[in-house]
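Residues per chain are reported as follows:
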Amino acid sequence: MIARKLLASVALSTMLTATIPLSAWAQNVVTMTTGQIFRSIDPAKVTDYTDYMGVVNLYDGLTSVEPDGSIVPALAESWEVSPDAREVTYKLRDDATFSDGSPVEAGDVVYSVERLLRINQGPASMLAGVLTPGSVTAVDNKTVKFTLAKNFAPFLAVVPAIFILNEEAVKPHEGDDDAQSWLATNAAGAGPFTLKAYDRGTRLTVVRNEDYYKGFPENPIDEVRWIVVNDEASVRAMGASGELTMTGPFQSPDTYDALEGMGYKIENHPTSSTLYLKLNNQVTPTDDVHIRRAIALATDYETIREVIFPGNRLTTPLPDTFKQFHADDVPEPKYDLEAARAEVAKSKYAGQPISITLGFLTGIKYQEEISLLMQANLEQIGFTVTQAVNPWNRVTELATKVETTPAVNQIFFSATYPSPDSMFHTQYHSSAAGTWASMEWINDPEVDKLIEEARGTGELDKQIDIYKELQHKLVDMQSDVFLLTQVSKHALNKCLEGLSIIPMRSFGYDFSRYSWNCD
């Protein structure tokens, strides 16, 4: 298999033993499939799980996150929060270096944040109104201070998503676009891996930085090759040929069964990732709450969750992994076609043909099966259904305008940082509109107010009350159809160890945490 100790041929070893060290021809290489393209490897522009998968291996932030959600040191060895929670000061590690060997300094942090704010994409949305130009200052070469424009309770949880660039390496390539063109195909970080090859539509390859300041476990992974595979037959073929080391988490049950039969191990991990039918609240016919409720009632949750794509129940926009914040009194959604017909009859579209478009991703078998099941059910209650099948880059493009966003979209969303704010602000605040994560286009001032109130208070009890009220409001307006929380499932080579689920987008795919262990 590609993901194994690769040995040179006898002929080559005879010729080259004297000149090539063992480490050059005995590498632990992982080949992982993903169903989505890597839209960007620029840390100021990343938004989805594949983007973050690449960036967490190429870059480090001041802090990182553990599987239990705790914030731990990374480039920063420590931090202090002022009594009013408006200033946070980070002390950088003395031994922290970029992949080119140059030291990580406070000026690099200032540069990275200022660039992030200027570009105003990706992680910048988490910090809107919180950090402004000049908010981050270098106290000395190894100390950096963040001054918040307003109280922001989740700030410490957001910081791991601010990846630090090597200012000296980036500035010569700034041009007239803040080095966006250069960083689209190059990396300048302090992460555990360096960029070897990148083709936006097909693959990404990184290699281990042997001088990584945090070090590696025994038998580390030397190279990771992500291959974009848009159909399950190809994933199974890679497994049969031995090319595959690890699948992404979105395969069908049939594919997992087939790979297990080939000798791959299957690992299951509960997650906070959620699968929704995002309902565009601004276009026909989902601009009517009764139509949105009818769609929810026409959803066969049990079949979806237990047969098509196994997962756990989801009753509100917030998964119950956020236990203390979850509104447990919201009843589980039910499948009831008669009740769905009654909701249609209450709508402004009653008594007329109702056309609706269901969007899902190209080549994703479980999404196709869910969409066909939805079509069969909706047609029974009077809808005329059109299926809109698009690759991920087209989905993100359609999401930028309310009029091009389909009425119904199958979207997975997971916490970008370990706080309920990451589930609500990115999806439901008006400032987030125009992204794939916010295809609901709610634009509701009351929702915005609740999100902002929760962000602005440091009182835990008050946050809990606000988040529970917010869940009730979104459920009542039927912002989405809440399908399931994902049980993350991967097929892995039996020698690969280290997979764990971290409640921050794709941080669990940081391959410096993995190792290759075989007897």
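In this text the structure is predicted, and so the values were computed from the model without any measurement.

1. Section: unusual backbone geometry
- Each neighbour pair has its own omega, and for Thr284 with Pro285 the value is -5 degrees, a cis peptide bond.
- With phi around 55 degrees, Asn219 is a residue other than glycine that occupies positive phi space.
- Relative to the assigned elements, Asn219 resides in the loop between strand 9 (203-208) and strand 10 (223-228).
- For Asn219, a relative accessible area of 28% translates into the label partly exposed.
- In the Ramachandran plot, Ser506 falls in the positive-phi region, its phi being about 65 degrees despite a non-glycine side chain.
- Inspection of the secondary structure puts Ser506 in the loop between strand 17 (496-497) and strand 18 (515-516).
- Judged by its relative accessible area of 9%, Ser506 falls in the buried class.

2. Digging into the state of the cysteines
- Summed over the entire model, instances satisfying the criterion amount to one disulfide.
- Shown here is the disulfide that connects Cys495 with Cys518, its sulfur atoms set 1.4 Å apart. On the S-S bond that ties Cys495 to Cys518, the torsion sits near -95 degrees, and the link is left-handed. Within this pair, whereas Cys495 is found in the loop between strand 16 (480-492) and strand 17, its partner Cys518 is found in the segment after strand 18, the two being separated by 23 residues in sequence.
- Judged by relative accessible area, Cys495 falls into the buried class, the value being 13%.
- Cys518 sits in the partly exposed class, given a relative accessible area of 44%.

3. Details of the side chain of Thr271
- Counting through the fold element by element, Thr271 comes out in strand 11 (residues 265-279).
- At 3.0 Å, the side chain of Thr271 forms a polar contact with the backbone nitrogen of Ser273.
- A polar atom in the side chain of Thr271 sits 2.7 Å from the backbone oxygen of Gln486.
- Sequence-distant contacts of Thr271, that is, excluding residues within four places in its chain, are made with Thr321, Thr485, Gln486, Ser488 and Ile501.

How each quantity is defined
- Residues numbered from 1 in each chain as written.
- Predicted model: local features only at pLDDT ≥ 70, side-chain atom pairs only at ≥ 80, totals over all residues.
- Heavy atoms only, no water.
- Helix = DSSP H or I, 4+ residues; strand = E, 2+ residues; numbered from the N terminus.
- Buried < 20%, exposed > 50% of the residue type's maximum accessible area, 1.4 Å probe, protein only.
- Disulfide = S-S within 2.5 Å.
- Polar contact = N/O pair within 3.5 Å; in protein donor to acceptor, adjacent residues only side chain to side chain.
- Contact = heavy atoms within 4.5 Å.

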